[in-house]
Amino acid sequence: MLLLLAACVPPSVIGLRSDATMPLTSELSAAWGAFPEFTEDDDYTLAEASVGGVQVRQRLSNRVAVSSSFGVVPSMLDEAVWGAGDLELQVQAIAEEPLDFQVTVGLDGYVLGQPESTPSVALGTHLGLFLSRRLPGDLHPFLGGKINPVFAQGHPYPWIQYGGGLSWRPVLDSATRGLLAVEASRYEGFGVNFLDEGGGDAGDIQTWGFLVQAGASFGPTYR
């Protein structure tokens, strides 16, 4: 089941990873997440059911940014050649005090395989919607969701993710803001065990996970 977890919920779709705000100019962050539900069902520790990754964001204009991320399953690095990455465009549809509403669209790539064999590759896309409210103390509670079809073997395998969290963006100096965010999401995949090396018919998966993200945003201005 851990292999199925790794194949079907790759890091690039783990976590909303957006509080609907723009970076100052550039932003760098690292994230770690886990799936407690899998530890209950299969007697894995939380560390064995965890994922980790990094994310970079660059602001292109007042309301547009581009984001790129890459992630792995640390517990599987000795067993599989596997990782995932995405490239995403983020558009600030609403930025009126105290609300932010963001639309994202992106491309995903997933790799799974054994060291002795040729890795399998799957591609995907995603569309996301995020809403947050600015509170005193640089706090941003947020809600969001993603639709994430993954294409493999000539068929789309859709994922739906929805959840929320809280980010904190404290002022560190005139051109730097910190970032600390926690979130939880529900994941629903339909016919998504196509990468399970055990074979069998495609089936649906439902699970949930949490993510902790930390980093900083750099630049001369912040709206």
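Source: prediction; values computed, not measured.

### Regarding unusual backbone geometry
Here the amide bond leading from Glu97 into Pro98 is cis, since omega sits at 5°, within 30 degrees of zero. Note on placement: Pro98 falls in the loop between strand 4 (83-96) and strand 5 (99-112). Even without being a glycine, Ala20 presents a positive backbone phi close to 70°. Owing to a relative accessible area of 0%, Ala20 belongs among the buried residues under this scheme. Of note in the backbone geometry, Asp138 takes a positive phi value of approximately 65° without being a glycine. Structurally, Asp138 can be placed in the loop between strand 6 (120-133) and strand 7 (139-147). Owing to a relative accessible area of 25%, Asp138 belongs among the partly exposed residues under this scheme.

### Structural notes on the packing of aromatic side chains
Taken as a whole, this structure holds two aromatic pairs when the rule is applied. A ring pair is formed by Trp32 and Phe210, whose centres lie 5.6 Å apart and whose planes are at 65°; its orientation type is edge-to-face. Of the two residues, Trp32 is situated in strand 1 (residues 26-34) and Phe210 in strand 13 (residues 205-218); the sequence distance between them amounts to 178 residues. Overall, Trp32 belongs to the partly exposed group, its relative accessible area being 34%. Here Phe35 and Tyr187 contribute two aromatic rings whose centre-to-centre distance is 5.5 Å and whose plane-to-plane angle is 55°, an arrangement assigned as tilted. With Phe35 in the loop between strand 1 and helix 2 (36-42) and Tyr187 in strand 12 (residues 176-189), this pair connects stretches of sequence that are 152 residues apart. The pair Phe35 / Tyr187 is uniform in exposure class, with both members buried.

### Considering the nonpolar core
Residues Ile14, Phe35, Tyr110, Ala122, Val150, Trp159 and Tyr187 are the most contacted members of the largest nonpolar core, which totals 18 residues. Among the elements of the structure, strand 8 (150-152) and strand 13 are those that each provide at least two residues to this core.

### Here's the deal with the environment of Gly128
Inspection of the secondary structure puts Gly128 in strand 6. Taking the C-alpha atoms as reference, Gly128 lies 9.2 Å from Gln161; in sequence the two are 33 residues apart. Residues within four places of Gly128 in sequence aside, it is in contact with Gln102, Val103, Thr104, Gly145 and Lys146.

Definitions and cut-offs
- Residues numbered from 1 in each chain as written.
- Predicted model: local features only at pLDDT ≥ 70, side-chain atom pairs only at ≥ 80, totals over all residues.
- Heavy atoms only, no water.
- Helix = DSSP H or I, 4+ residues; strand = E, 2+ residues; numbered from the N terminus.
- Buried < 20%, exposed > 50% of the residue type's maximum accessible area, 1.4 Å probe, protein only.
- Phe/Tyr/Trp six-rings, centres within 6.5 Å; stacked < 30°, edge-to-face > 60°.
- Core = buried A, V, L, I, M, F, W, Y, C linked by side-chain atoms within 4.5 Å.
- Contact = heavy atoms within 4.5 Å.

Any functional reading would require information beyond the geometric quantities listed.
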